[in-house]
Structures are given as C-alpha cells and as structure tokens.
Amino acid sequence: MTTGLFITFEGGDGSGKSTQLSLLVDWLEREGHSVLTTREPGGTELGDELREIVLHSKGHITPKSEALIYAADRAHHVATKVRPAIERGDIVVQDRYLDSSVAYQGVGRELGADEIRRISLWATDDLLPDLTVLLDLEESLGRERLDTSRTRFDRLEAEERDFHARVRSAYLALAEAEPIRFLVLDATRSVDSLAEEIRSRVSSLLS
Ligand code: TYD
C-alpha cells in the first residue's frame, strides 16, 4: 500500500502560518506532487458548519463543549478527507490539527493536555502528522499582526493575553516532547528564509 505524507502547520494567531502553508503547497505542486490542502476547523461541509458555530457563535459555549466540537470536526475530517488522501499517496498539508486542541483547549482553557490529546487520538484513530511546523511567535507580536489586518476577532482570538501566552508555552512544550515530529521556527524571520527551511525539511521526508 502506498502512503503519502501528512504535514500540519501550527502556531498562534497572526504567526504567518497561512503564508508559509501556501508557499509550501505551491512548491510541492511545482515539483509534481499531488497535494490536498485543508484546514481545521473546517475542511468538509460539516466542518464548515462546525467552524461557524465554534468561532462565531454569539452565545456562550462551555470549554468542554468547545473541545468536543473541535474533536467532532476532526473525526469527520480525518475519516472522510485526510486519511483517504494519505492512503492514496497524496501529500496532505493542513492548517492546524490536534496540537491546536491540546494548546488552546487543553492548556488555554485549562481542560488538561493529556485528556484533550486522548480525545483527539480517539477521534482520529490515532492519526499523527509526519511533520508539524510550529511558527513560534511571542503572543503580543501575533496580536499586533492581527490588529493591522483584521476588523473582527473570532472567539479564540478575542481571549485575553494570558490565554495566548499559555497557548504559546503549550506549543513549545509539545515540540520539546516530540522533537522529531516538530520543526520549530521563529516566526519573526523573513518569509523567504522560513519557506526555504520548511522546503528543506519536507525534501528530506520525501527522499
Ligand atoms: P482560524 O481562522 O483558522 O485562525 P488561524 O488563521 O489563526 O488558524 O481560526 C481557528 C481558531 O480556532 C484559532 O484561534 C485557533 C482555534 N482552534 C482551537 O482552539 N482548537 C482547535 O483544535 C483548532 C483546530 C483551532
């Protein structure tokens, strides 16, 4: 059976993930690879509905309920899109995955990192990425970047500074615990130099 590759991008809000993700996808496609570009929350029809609820619901959503909505989105997304693509031999490049849940719900919302990781692994039948690119950025810098480019914040972006500081340290702790899976990059570096380092790591996985 052929298997593809599963690459995820993680980082705080405003870390430049989306820019780096699309540069990587452009390069992979130019190299002739079949790529599925996707994201969480979202990525499927059900996912888009869940995304709207979890990010923009006007009413209160309890932390556990929030965690389970992300997990429901992930379960459906992996089963219907991500795993089939990997099994076809595609390269899946995804904006956010289970590390987001561990960082935002597990640590940001203080639900417990281990608990949230277990829920995500149950939801996905234990699918872990081959590579996770973490764009690390001090939370106040991320906020400044958002301030200049956005007019409205989603429910998570609207959280206070302490929340985002917890998210950032949670990501760094995750990367330290799994140094082979994670590539941690300083998001203040230039777009080109970040893109080059990401390409070089992905190349080594492809050879
Ligand atoms: P999105 O608009 O995709 O933001 P970004 O461009 O920063 O990726 O919004 C996703 C938001 O959802 C983001 O604030 C992080 C949050 N999130 C979680 O809290 N838990 C999760 O499991 C996922 C996937 C995202």
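Residues numbered from 1 in each chain as written. Predicted model: local features only at pLDDT ≥ 70, side-chain atom pairs only at ≥ 80, totals over all residues. Heavy atoms only, no water.

**Student:** What exactly am I supposed to notice about the packing of helix α3 (residues 63–88) against helix α4 (residues 98–108) here?
**Tutor:** For any two helices packed against each other, the geometry is given by the interaxial angle and the distance between the axes. In the contact formed by α3 and α4, the axes pass within 11 Å of each other and the chain directions differ by 180°. Here α3 is positioned roughly antiparallel relative to α4, judged by the angle of their axes. Seen from α3, the contacting residues are E66, A67, Y70 and R74; seen from α4, they are L98, S101 and Q105. Looking at the contact of α3 with α4 residue by residue, the class counts come to three nonpolar, two polar and two charged. (Axes fitted to C-alpha atoms, helices over the stretch in contact; angles between N-to-C directions. Helix = DSSP H or I, 4+ residues; strand = E, 2+ residues; numbered from the N terminus. Parallel < 35°, antiparallel > 145°, perpendicular 65-115°, else oblique. Contact = heavy atoms within 4.5 Å. Nonpolar A, V, L, I, M, F, W, Y, C, P; charged D, E, K, R; others polar.)

**Student:** So what exactly am I meant to see when it comes to the sheet that holds strand β4 (residues 131–136) here?
**Tutor:** Sheet strands associate in pairs through backbone hydrogen bonding, adopting either a parallel or an antiparallel arrangement. With parallel pairing, the five strands of this open sheet are ordered in space as β2-β3-β1-β4-β5. Each of the sheet's edge strands pairs with one partner strand only, and the pair in question is β2 (35–39) and β5 (182–186). For this sheet, the mean angle separating the axes of adjacent strands, direction not counted, is 20°. The sheet contact formed by β2 and strand β3 (residues 91–95) spans five bridges and is parallel. Each residue of the ladder has a partner; that of L36, found in β3, is V92. Along the sheet, helix α1 (residues 17–30) makes contact with β1 (5–11), β2, β3 and β4, crossing β3 at roughly 165°. On the sheet, α4 packs against β1, β4 and β5 and is oriented at approximately 25° with respect to β1. (Pairing = 2+ DSSP bridges.)

**Student:** Whenever I open this one, the pattern of salt bridges confuses me. Can you help?
**Tutor:** Side chains carrying opposite charge are able to pair once their charged atoms draw close together. Tallied over the entire structure, the rule returns 14 salt bridges. Between R74 and E40 there is a salt bridge, with its nearest N and O atoms 2.5 Å apart. Taken together, the residues span a long stretch of sequence, with R74 in helix α3 and E40 in the loop between β2 and α2 (45–56) at a distance of 34 residues. The buried category is assigned to R74, whose relative accessible area is 2%. Its relative accessible area of 4% is what places E40 among the buried residues. Put simply, R189 and E197 hold a salt bridge, and the shortest N to O gap is 2.9 Å. (Salt bridge = Lys/Arg side-chain N within 4 Å of Asp/Glu carboxyl O. Buried < 20%, exposed > 50% of the residue type's maximum accessible area, 1.4 Å probe, protein only.)

**Student:** Quick question: what am I supposed to make of the site of the ligand here?
**Tutor:** If you check the shell around the ligand, you find 16 residues, and the closest are K17, R51, R96, S101 and Q105. Within the contact set of the ligand, an oxygen atom lies 2.7 Å away from a side-chain nitrogen or oxygen of R96. Relative to its free-state accessible area of 550 Å², the ligand is covered by the protein chains to the extent of 92%. A total of four residues in the shell around the ligand trace back to one element, the largest contributor, which is α4. Its residues assigned to classes, the shell around the ligand shows five nonpolar, three polar and eight charged. (Near = heavy atom within 4 Å. Polar contact = N/O pair within 3.5 Å; in protein donor to acceptor, adjacent residues only side chain to side chain. Areas by Shrake-Rupley, 256 points an atom, 1.4 Å probe, with all protein chains shown as cover.)

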